[in-house]
Amino acid sequence: MSDDGLIAVVLSTLRKAGWWCARLQSGTAHGGRMKLAPAGSPDVIAIIPRRKLDHVTWWVDATPVMIECKARKGKMREKQLELRAWCETHGVRYVVVRSSEDVATLVLYVWG
């Protein structure tokens, strides 16, 4: 499936913003001898660093974010929809990005 090169943009942008992030691969490799992330796993898992909410006392703890990268017209598969629903139920941030503008908005929203 094509992500229109968005995964590289996501990783680069988030790392420049000081986030920790990693690319996840799902399925199997080496003829099935190596198991990768489960089906439906997001393309990127990121951790927003701990940050001050104001300049005096309030801190926001580090927060994990699951990021699914889709081409502009790409559709989510059933397992991806299941994971997104699980994340929403359990308070884990799950974001679908479709453009570099979406990535910029994500970073600005969190830091804004």
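Calculation notes
Residues numbered from 1 in each chain as written. Predicted model: local features only at pLDDT ≥ 70, side-chain atom pairs only at ≥ 80, totals over all residues. Heavy atoms only, no water. Helix = DSSP H or I, 4+ residues; strand = E, 2+ residues; numbered from the N terminus. Buried < 20%, exposed > 50% of the residue type's maximum accessible area, 1.4 Å probe, protein only. Polar contact = N/O pair within 3.5 Å; in protein donor to acceptor, adjacent residues only side chain to side chain. Contact = heavy atoms within 4.5 Å. Salt bridge = Lys/Arg side-chain N within 4 Å of Asp/Glu carboxyl O. Core = buried A, V, L, I, M, F, W, Y, C linked by side-chain atoms within 4.5 Å. Arc of directions from axis to C-beta. Pairing = 2+ DSSP bridges.

Colleague: Explain the side chain of Ser99 here, please?
Modeller: Relative to the assigned elements, Ser99 resides in the loop between β8 (93-97) and α3 (100-111). Take Ser99: its relative accessible area is 6%, and that puts it in the buried class. Within polar-contact distance, the side chain of Ser99 engages the side chain of Glu101 at 3.1 Å. Residues in contact with Ser99, not counting those within four places in the same chain, are Leu6 and Arg72.

Colleague: Looking at this structure, I do not really get the pattern of salt bridges. What am I missing?
Modeller: Pairing between side chains of opposite charge can happen when the charged atoms of each approach one another. For the coordinates displayed, the defined rule picks out four salt bridges. As a salt-bridge pair, Glu82 and Lys79 come within 3.8 Å of each other at their nearest N and O atoms. A residue pair is termed a helical-turn pair when its members lie 3 or 4 positions apart in one helix, as Glu82 and Lys79 do in helix α2 (residues 78-89) at three residues. Glu82 sits in the partly exposed class, given a relative accessible area of 39%. Given a relative accessible area of 46%, Lys79 falls into the partly exposed group.

Colleague: Even after reading the chapter, I still don't get the nonpolar core, so can you show me in this structure?
Modeller: Generally speaking, a soluble globular protein has its nonpolar side chains buried in company with each other. Counting residues in hydrophobic clusters, the biggest one holds 17 residues, and the most contacted among them are Val10, Leu14, Trp19, Val44, Ile67, Cys69 and Val97. Elements represented by at least two residues in this core include exactly α1 (6-16), β4 (44-48), β7 (63-69) and α3. Not counting chain neighbours up to four residues away, the residues in contact with Val97 comprise Leu6, Val10, Ile67, Glu68, Cys69, Lys70, Asp102 and Val103.

Colleague: What is the right way to look at the environment of Ala22 in this model?
Modeller: Relative to the elements of secondary structure, Ala22 occurs in strand β1 (residues 20-23). Residues Ala22 and Ala46, spaced 24 residues apart in sequence, show a C-alpha to C-alpha distance of 6.5 Å. Excluding residues that lie within four positions of it along the chain, Ala22 makes contacts with Leu11, Arg15, Asp43, Val44 and Ile45.

Colleague: Whenever I open this one, unusual backbone geometry confuses me. Can you help?
Modeller: Backbone phi values are negative for most residues with the exception of glycine, while trans is the configuration of most peptide bonds. For His30, which is not glycine, the phi dihedral falls at a positive 55°. Inspection of the secondary structure assignment puts His30 in the loop between β2 (28-29) and β3 (34-35).

Colleague: In this structure, what is going on with α1? I would like to understand it.
Modeller: In an α-helix there are 3.6 residues to a turn, and that puts residues three or four apart on one side. When we look at burial in α1, the residues that qualify are Leu6, Ile7, Val10, Leu11 and Leu14. Here the buried residues of α1 occupy an arc of 135° about the axis, which is enough to place them on one side. Exposed and facing more than 90 degrees away from the buried side of α1 are Ala8 and Lys16. With its phi angle positive at about 90°, Gly18 sits one or two positions after the end of α1.

Colleague: Any chance you could explain the pairing of β4 here in plain terms?
Modeller: The two faces of a sheet get side chains in turn, since along a regular strand they alternate between them. Residues Val44, Ala46 and Ile48 point to one face of β4 and are all buried, whereas Ile45 and Ile47, pointing to the other face, are not buried. Of the strand pairs in this sheet, β1 and β4 are connected by four bridges, and their pairing is antiparallel. Along β4, the bridge assignment pairs Ala22 with Ile45. By the bridge criterion, five bridges tie β4 to β7 in an arrangement that is antiparallel. Across the sheet, Ile45 pairs through a bridge with Met66, a residue of β7.

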